[in-house]
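Observations on the model geometry
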Amino acid sequence: MYLKASDITRYQREGFLMVPQVLTPEEVAGFFEEAAAMLSRGKTLHWPSEKGMVMDWVADAEIESAIMRRLALHPVITGIAEELAGRPLRLFKSELLRKEGTGSTMTPPHIDEFALPISGAPVTLTAWVALVDVPKERGCMKFWPGSHQVKAVDEAQDLASHPEMMFLPRVTLPLRAGDCTFHHARTVHSAHANETHTTRISLATVYMDEGARFEPRTLYGDGMNDKLSRHLATMQAGQALSGECFPRIRWKD
Ligand code: FE
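Quick summary incoming for the structure in this document.

Conventions we followed
- Residues numbered from 1 in each chain as written.
- Predicted model: local features only at pLDDT ≥ 70, side-chain atom pairs only at ≥ 80, totals over all residues.
- Heavy atoms only, no water.
- Phe/Tyr/Trp six-rings, centres within 6.5 Å; stacked < 30°, edge-to-face > 60°.
- Helix = DSSP H or I, 4+ residues; strand = E, 2+ residues; numbered from the N terminus.
- Buried < 20%, exposed > 50% of the residue type's maximum accessible area, 1.4 Å probe, protein only.
- Pairing = 2+ DSSP bridges.
- Axes fitted to C-alpha atoms, helices over the stretch in contact; angles between N-to-C directions.
- Contact = heavy atoms within 4.5 Å.

A few words now on the packing of aromatic side chains. Applying the stated rule across the entire model yields 2 aromatic pairs. Each ring, one from Phe-16 and one from Phe-143, has its centre 4.7 Å from the other, and the planes form 15 degrees; the classification is stacked. Here the residue Phe-16 occupies a position in strand β1 (residues 16-19), and Phe-143 occupies one in strand β8 (residues 141-143), the gap between them amounting to 127 residues. We note that Phe-16, like Phe-143, is buried. Each ring, one from Phe-92 and one from Phe-246, has its centre 5.7 Å from the other, and the planes form 5 degrees; the classification is stacked. Taken as a pair, Phe-92 in strand β4 (residues 89-99) and Phe-246 in the segment after α7 (227-232) lie far apart in primary sequence, 154 residues in all. Across the pair, Phe-246 and Phe-92 agree in class, each one buried.

Right, let's talk about the sheet that holds strand β3 (residues 52-58) for a bit. Strand order in the open sheet formed by 7 strands is β1-β10-β7-β12-β4-β3-β2, with antiparallel pairing between adjacent strands. The open sheet has two free edges, formed respectively by β1 and β2 (45-49), since each of these has just one partner strand. Taking each pair of neighbouring strands and ignoring which way they run, the sheet shows an average axis angle of 20 degrees. In this sheet, β3 lies alongside β2 in antiparallel orientation, the contact comprising 5 bridges. Across the sheet, residue Trp-47 finds its bridge partner in β3, namely Met-55. Where helix α2 (residues 25-40) meets the sheet, it contacts β3, β4 and β12 (200-209), and its direction lies at approximately 70 degrees from that of β4. The sheet strands contacting helix α5 (residues 75-85) are β1, β4, β7 (125-130), β10 (180-184) and β12, and the helix crosses β7 at an angle near 145 degrees.

Dropping the structure here:
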């Protein structure tokens, strides 16, 4: 067990949990080196905003790089993920995120679930591991505690139609390099702009229930040409997300 029972209860209540130092400084250095090299190759997808750029990212980081696959399947991170979910999980995808220094805009509040083509997976969650220090001014994340249980948000795919969300309490979570947050796919979250001169680099990995099934979503894959999108394009609605592409993250069985 990596977590105390109270950590798991807290995650179930709030929809997110920060676990400090899941990586050693040596691991951070190694993963950072690979991440910087991948990002420098420039094969990234972009999230533009009215005022500039929210962030860009390498889709399928774990397919493109054996080192990133080790991070996506890191025993401590996947162990914590399964303790939080309380059931066996599979890897869905892993994205290497970059929020450039001086100029990246805030990440608007959103729920990941609506961008994930997954059904029958009530415990889908994301592990977000920082590969640099991420104080507030470098674009750390904010979470709305308990929002994963709010019915109104659950049914509304557009948070802009829920301005009351902006008046609910939220938690700002600065991270040290090697710290990791875990958040439920229905938890509302956002991130500050990066106002520093240092690029924010992190790996966000989505884990889903072992029995998750494919549910096509128009939001996902539009204009994308990464390997995962091409694979999903060959799948039928309702088909199991299993096999080599979506491995079990632990091998207890
Ligand atoms: Fe998100």
